[in-house]
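# Structural overview for review
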Amino acid sequence: MVTTKRRKVFASFHERDRKYREYFEKRMGTGLVDKSVGDGDMDPRLRVETTRARIRDEFISDASVFAVLAGKRTWRRKYVGWEIGSGLRATKKNSRCGLIGILLPAHFDFGKPKYRARLIPPRLHDNAGSNGSFAKTYRWPDPWDTNAVRNWIHAAFLRRNSILPNNARKPFGRNRSVPCRDGWSD
């Protein structure tokens, strides 16, 4: 086991997977500082740009690692893609976050030897892969292993400034419906 410091983690997820986000936070306990957007943090009447600015400046900017909790529908969500893009950007106000993906038991490919790239958020796919990749994608540990997850987070933290991410993908304007031939639809 690697001894690691507490990391500030922003978890992005589809609302239908909230129970996994809550479990993740509870099981990690003092091993992380949760920087995710919680219930009641955002006024639903705010304009989209105002909401995005608040999420970026008040939640993501203070995080050091970005965790995508990928369930069945996470790849469809425009906000998940936008949040990943914000986490990968290094600016005066925001340092770059490390990036990990965690396939949830609810994901279509959970338990299979490989996951289908079109069923994870596109910007996560752009950065995940071999040993030299900016991001890594893991499967939700069953049984839960806090030390393993803490090591994933720590490794992502170390990679955040040693490997440049691919953040070239344009954000999509609306939630996606179904994957198309090349893997993505808008």
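Think of each chain on its own: its residues are numbered from 1, step by step along the sequence as written. Residue-level local features of this predicted model are given only where pLDDT is at least 70; pairs of side-chain atoms are given and counted only at 80 or more, and the full residue set underlies all totals for whole chains, interfaces and linings. Hydrogens and waters are ignored; side-chain quantities use all the structure's heavy atoms.

## With respect to the packing of aromatic side chains
Working definition: rings of Phe, Tyr and Trp (its six-membered ring) pair if their centres are within 6.5 Å, and the pair is stacked with planes under 30 degrees apart, edge-to-face with planes over 60 apart, and tilted otherwise. Across all of its chains, the model carries 7 aromatic pairs by this definition. For the ring pair Y23 and W140, a centre distance of 5.9 Å and an interplane angle of 45 degrees mean the geometry is tilted. Taken as a pair, Y23 in helix α1 (residues 18–28) and W140 in the loop between β5 (135–139) and α5 (146–159) lie far apart in primary sequence, 117 residues in all. Any residue under 20% of the maximum accessible area for its type is buried, any over 50% is exposed, and the rest in between are partly exposed; the area is computed with a 1.4 Å probe on protein chains only. Residue classification places Y23 among the partly exposed residues on the basis of a relative accessible area of 33%. Ring geometry for Y23 versus W144: centroids 5.7 Å apart, planes at 85 degrees, classification edge-to-face. One end of the pair, Y23, is in helix α1; the other, W144, is in the loop between β5 and α5, with 121 residues separating them in the sequence. Helix numbers and strand numbers start at the N terminus; a helix is a DSSP run of H or I with at least 4 residues, a strand a run of E with at least 2.

## Considering helix α2 (residues 48–58)
All of the buried residues in α2 are T51, R52 and I55. Within α2, the buried residues cover an arc of 95 degrees as seen down the axis, which keeps them to one side. What the arc covers is the set of directions going from the helix axis to the C-beta atoms.

## Side note on the pattern of salt bridges
For this analysis, a salt bridge means a side-chain nitrogen from Lys or Arg found within 4 Å of a carboxyl oxygen belonging to Asp or Glu. For the structure on display, the rule yields 6 salt bridges. With a closest N to O distance of 2.8 Å, E15 and R18 form a salt bridge. A salt bridge links D126 to R169; the nearest nitrogen and oxygen atoms lie 2.8 Å apart. You can see D126 sitting in helix α4 (residues 122–127) and its partner R169 sitting in the segment after α5, a full 43 residues away along the chain.

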